[in-house]
Amino acid sequence: MAWAKFFRKPGGNLGKSYQPGSMLSLAPTKGLLNEPGQNSCFLNSAVQVLWQLDIFRRSLRQLPGHFCLGESCIFCALKGIFSQFQHSRERALPSDNLRHALAETFKDEQRFQLGFMDDAAECFENILERIHLHIVPEETDACTSKSCITHQKFAMSLYEQSVCRSCGASSDPLPFTELVHYVSTTALCQQMPQRRDESFGELLQAASTIGDLRNCPSNCGQRIRIRRVLMNSPEIVTIGFVWDSDQSDLTEDVIRSLGPHLSLSALFYRVTDEHAKKGELQLVGMICYSSRHYCAFAFHTKSSKWVFFDDATVKEVRGCCNHH
Ligand SMILES: [Zn+2]
Ligand SMILES: [Zn+2]
Ligand SMILES: [Zn+2]
């Protein structure tokens, strides 16, 4: 699975053009170690993107406290890495504490266990869910806590409904919350040829609804598309691309479909929040998977540059990526 993430950047400095030869410091960007056999690239990629997310980093720093789980506390382990990112003089840091906390937390599910490779998108999603539980220790889909970074910044509050064009019947709206909006790459590529003039958001909306036909709620015989309505205005939106197979020949098409901007009103059938209606999000991070390995790209706000993270290796991306 590969996936891309989008974030709203209020008044960022994306417009600044790249100056060849300028020696802007990329600190605090550091690599994360992945010793042979650790298979921590999925976690390292998720952590790098979270750290580079200004909104997330600042919000986490400002949180006054949390419900601590001691040795297996994902919250403490993440804060530990963040503080080392800031203060350590090493070029690459171990992510072992977080790896252990994650393995301990998910040992009943047998997920994210030590030494085993796992899915970066699900790791990212689970870290966010855990952060919610460390702040609001309840399993709730409708979290309204002002201090919950997960739901305040990342969650998309949606409802879905099917409305029949033929007989007018509509289903009861079904509300739900999403931290990652998953889209099938197969559906995306099927939609591309007939939607060349449409925006990236419209393409994603078509891809996530087209294959999902439901029966008319009053059973008139029509098969109808589902409508998804966004009710809040998330500051960070995460798109997860789902691949049907490990070896996909769709990679180039998917990359070609990626747009640097995403408007929320294009991504969903309707957007109710006034702020979200106008909201256009800027691509600021990406986690990629190929040859059984994860790496990440993130936009570094201070230098207005894209940075590539491959475990201990950190490189500035030069060239077209920095011309927005
Ligand atoms: Zn803790
Ligand atoms: Zn929450
Ligand atoms: Zn009908």
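Here, every reference points to the structure presented above.
Just so it is clear, the model here is predicted, and its values are computed rather than measured.

This part covers unusual backbone geometry. Although it is not a glycine, Phe 112 sits at a positive phi angle of roughly 55°. The residue Asn 219 is not glycine, and still its phi comes out positive at about 55°. You can see Asn 219 is positioned in the loop between strand 7 (213-215) and strand 8 (223-230).

Moving on to the coordination of the zinc ion (ligand 3). Octahedral six-donor coordination of a metal ideally yields angles of 90 or 180 degrees, compared with 109.5 degrees for tetrahedral four-donor coordination. Looking at the zinc ion (ligand 3), one finds its protein donor set to be Cys 164 (SG), Cys 167 (SG), Cys 216 (SG) and Cys 220 (SG), positioned 2.3 to 2.4 Å from the metal centre. Geometry at the zinc ion (ligand 3) is tetrahedral, judged from the 4 donor atoms that bind it and their angles of 102 to 118° at the metal. Expressed as a motif, the donor residue spacing for the zinc ion (ligand 3) is C-x2-C-x48-C-x3-C. Residue Cys 164 is found in the loop between strand 4 (156-162) and strand 5 (174-178), and its partner Cys 220 is found in the loop between strand 7 and strand 8; the two are separated by 56 residues along the sequence.

Before going further, it helps to spend a moment on the coordination of the zinc ion (ligand 2). The coordination sphere of the zinc ion (ligand 2) contains the protein donors His 132 (ND1), Cys 143 (SG), Cys 148 (SG) and His 151 (ND1), at a distance range of 2.0 to 2.3 Å. Classification of the site at the zinc ion (ligand 2) as tetrahedral follows from its 4 donor atoms and the range of 99 to 118° in their angles at the metal. The sequence pattern formed by the donor residues of the zinc ion (ligand 2) is H-x10-C-x4-C-x2-H. Accessibility assignment for this pair places Cys 148 and His 151 in one class, buried.

A separate point is the pattern of salt bridges. A pair can form between side chains of opposite charge whenever their charged atoms are brought close. Per the counting criterion, the structure on display carries 14 salt bridges. For Arg 111, the salt bridge goes to Glu 122, with nearest N and O atoms at 2.8 Å. Separated by 11 residues along the polypeptide, Arg 111 in the loop between helix 4 (96-105) and helix 5 (120-135) and Glu 122 in helix 5 bring together distant segments of the chain. According to the relative accessible area criterion, Arg 111 is partly exposed, its value standing at 25%. Glu 160 is the salt-bridge partner of Arg 228, the closest N and O atoms lying 3.1 Å from each other. Here Arg 228 is found in strand 8, whereas its partner Glu 160 is found in strand 4, with 68 residues between them in sequence. Here Arg 228 falls in the buried class, since its relative accessible area comes to 11%. On the basis of relative accessible area, Glu 160 is assigned to the buried category, the value being 12%.

What follows deals with the side chain of Gln 205. On the secondary structure map, Gln 205 appears in helix 8 (residues 200-209). What makes Gln 205 buried here is its relative accessible area of 18%. With near-sequence residues (within four places) excluded, Gln 205 lies in contact with Ala 266, Leu 267, Phe 268 and Tyr 269.

Turning to its location among the elements, Leu 133 is positioned in helix 5. Linking Leu 133 and Phe 67, residues 66 residues apart in sequence, is a C-alpha distance of 8.0 Å. Those residues in contact with Leu 133 that sit more than four places away from it in its chain are Glu 138 and Glu 139.

Here we come to the packing of aromatic side chains. A full pass over the atoms with the stated rule returns 11 aromatic pairs. On the basis of an interplanar angle of 35° and a centroid distance of 5.0 Å, the ring pair of Trp 51 and Phe 85 is categorised as tilted. Taken together, the residues Trp 51 in helix 1 (residues 41-52) and Phe 85 in helix 3 (residues 74-87) connect sequence positions 34 residues apart. Its relative accessible area of 3% is what places Trp 51 among the buried residues. Judged by relative accessible area, Phe 85 falls into the buried class, the value being 0%.

Okay, the pairing of strand 15 (residues 313-316) next. Sheet topology places strand 14 (residues 305-310) next to strand 15; 4 bridges connect them, and they run antiparallel. Bridging across to strand 15, Asp 310 finds its partner in Thr 313. Taking the residues between adjacent antiparallel strands as the criterion, strand 14 and strand 15 are bridged by 2 residues, where Asp 311 takes a positive phi near 50°.

Here the focus is the environment of Ser 263. Locating Ser 263 in the fold gives a position in strand 10 (residues 261-263). Ser 263 sits in the partly exposed class, given a relative accessible area of 22%. For the pair formed by Ser 263 and Gly 201, sequence separation is 62 residues and the distance between their alpha carbons is 6.1 Å. Apart from residues lying up to four places away in sequence, Ser 263 is in contact with Gly 279 and Glu 280.

Our next topic: the side chain of Gln 191. Summarising the element assignment, Gln 191 is placed in helix 7 (residues 185-191). Residue Gln 191 is classed as buried on the basis of its relative accessible area, which comes to 4%. In terms of polar contacts, Gln 191 uses its side chain to reach the side chain of Arg 195, at 2.6 Å. Every residue in contact with Gln 191, bar those within four places of it in the chain, is listed here: Leu 203, Ala 206, Ala 207 and Ile 210.

Bringing the nonpolar core into the picture now. Of all hydrophobic cores here, the largest spans 58 residues; its most connected members are Val 47, Leu 50, Phe 56, Leu 78, Phe 82, Leu 102 and Phe 154. With 8 residues, helix 1 is the single largest residue contributor to this core. Taken domain by domain, the makeup of this core includes at least three residues from each of domain 1 (30-154 + 287-323) and domain 2 (155-283). Those residues in contact with Leu 78, other than ones at most four positions away along the chain, are Val 47, Phe 56, Leu 60, Leu 98, Ile 127 and Ile 131. Formed by 25 residues, the second largest nonpolar core is a distinct cluster that contains Met 156, Ala 207, Leu 250 and Leu 267.

Definitions and cut-offs
Residues numbered from 1 in each chain as written. Chains lettered and ligands numbered in written order. Predicted model: local features only at pLDDT ≥ 70, side-chain atom pairs only at ≥ 80, totals over all residues. Heavy atoms only, no water. Helix = DSSP H or I, 4+ residues; strand = E, 2+ residues; numbered from the N terminus. Donors = N, O, S within 2.8 Å, 3.2 Å for Na, K, Ca; no water. Tetrahedral: all angles 85-135°; square planar, octahedral: opposite > 155°, others 65-115°. Buried < 20%, exposed > 50% of the residue type's maximum accessible area, 1.4 Å probe, protein only. Salt bridge = Lys/Arg side-chain N within 4 Å of Asp/Glu carboxyl O. Contact = heavy atoms within 4.5 Å. Phe/Tyr/Trp six-rings, centres within 6.5 Å; stacked < 30°, edge-to-face > 60°. Pairing = 2+ DSSP bridges. Polar contact = N/O pair within 3.5 Å; in protein donor to acceptor, adjacent residues only side chain to side chain. Core = buried A, V, L, I, M, F, W, Y, C linked by side-chain atoms within 4.5 Å. Domains from an automatic or database assignment.

Shape is all these values report; function is a separate question.
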